[in-house]
Amino acid sequence: MKRNSSSNRDRLDVSSLAEQITEQVAGSSNTAASRNIRREYSRHLKDESPGTVLDLAALLLARPAFVNRFVAYELICHHRPTLASLGKKELEQLGAGMDCWEAVDTFACYLAGPAWRERQVADSVIHRWAKSTDCWWRRAALVSTVPLNNKARGGSGDTERTLAVCRILIADRDDMVVKAMSWALRELAKRKADAVSTFLDENVRHLAARVVREVRNKLRTGLKNPRKK
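Calculation notes
- Residues numbered from 1 in each chain as written.
- Predicted model: local features only at pLDDT ≥ 70, side-chain atom pairs only at ≥ 80, totals over all residues.
- Heavy atoms only, no water.
- Axes fitted to C-alpha atoms, helices over the stretch in contact; angles between N-to-C directions.
- Helix = DSSP H or I, 4+ residues; strand = E, 2+ residues; numbered from the N terminus.
- Parallel < 35°, antiparallel > 145°, perpendicular 65-115°, else oblique.
- Contact = heavy atoms within 4.5 Å.
- Nonpolar A, V, L, I, M, F, W, Y, C, P; charged D, E, K, R; others polar.
- Phe/Tyr/Trp six-rings, centres within 6.5 Å; stacked < 30°, edge-to-face > 60°.
- Buried < 20%, exposed > 50% of the residue type's maximum accessible area, 1.4 Å probe, protein only.
- Disulfide = S-S within 2.5 Å.

Colleague: What am I meant to see in the packing of helix α12 (residues 175-189) against helix α13 (residues 193-203) here?
Modeller: Packed helices, taken two at a time, are described by the angle between their axes plus the distance between the axes. At their nearest, the axes of α12 and α13 sit 7 Å apart, and the two run at 140° to each other. Comparing their axes, α13 and α12 come out oblique. Along the contact surface, α12 presents Leu185, Leu188 and Ala189, while α13 presents Ala193, Val196 and Phe199. Its residues assigned to classes, the contact of α12 with α13 shows six nonpolar, no polar and no charged.

Colleague: Help me understand the packing of aromatic side chains, please; the structure alone is not making it clear to me.
Modeller: Aromatic ring pairs are reported here in terms of the distance separating the ring centres and the angle at which the planes meet. Enumeration according to the criterion identifies five aromatic pairs in this entry. Between Phe66 and Phe70 the ring centres are 6.2 Å apart and the planes differ by 45°, which places this aromatic pair in the tilted class. Remark: Phe70 and Phe66 occur in helix α4 (residues 66-77); sequence separation between them is four residues, near one turn of the helix. Of the residues examined, Phe66 reaches a relative accessible area of 33% and is grouped as partly exposed. Take Phe70: its relative accessible area is 7%, and that puts it in the buried class. Relative to Trp129, the ring of Phe107 lies with its centre 5.8 Å away and its plane at 45°, an arrangement referred to as tilted. Of this pair, Phe107 sits in helix α7 (residues 101-117) while Trp129 sits in helix α8 (residues 123-130), placing them 22 residues apart in sequence.

Colleague: How do you make sense of the state of the cysteines when you look at a structure like this?
Modeller: Two cysteines joined by a covalent bond between their sulfur atoms form a disulfide. For the structure shown, the criterion picks out zero disulfides. A disulfide-free cysteine, Cys77 has its sulfur positioned 9.7 Å from the sulfur of Cys109, the nearest such atom. Cys100 carries a free sulfur, and the closest cysteine sulfur to it, the one in Cys135, is 11 Å from it.

Taken by themselves, the reported measurements are silent on function.
Here you go:
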């Protein structure tokens, strides 16, 4: 991801920060340790511009290892002006190269979903991802519905936008997409159970059996896979 807004001095500083972060997270033993490192740099960046934070994220995303992508996304998520600046162009640059469910889910829950929820990108952008030939972008479209509905992530419930994406991907049988469909519907069910129940009844012949089973379990018991007595 290339940006031209920073001065030469800014780029040099950001490059140095990227080197430091990469070295530190390479030695982190788990997510909690990586997040502690990220918090340190979030404090360092709190008064910086969105352009500087995005420049840093771009350098981290260019480096191998998922942990660098994780930190890049968290730095943006926890810098409010940068998160509020994200539009279609920025999101698609930040999502480029996603190749595992961890990357997709972090991107969608931390960046794309919140930006969509706040109307920073149009529904048509998410719908285009849902129609992508790349399964990771299709998964991203579904997981981006989670922040619309998850209370802890700022969601208040959005039946229309969630089910619109689910309808686009209703016949998709890629395993990563099927799992995301189940998650999207289960998250909506916490807020709009009747709407999800109706959607299942109307589309039971088209949805993957796993989705129907897990979502019905959630509606009935509150659990995706309740233990058998």
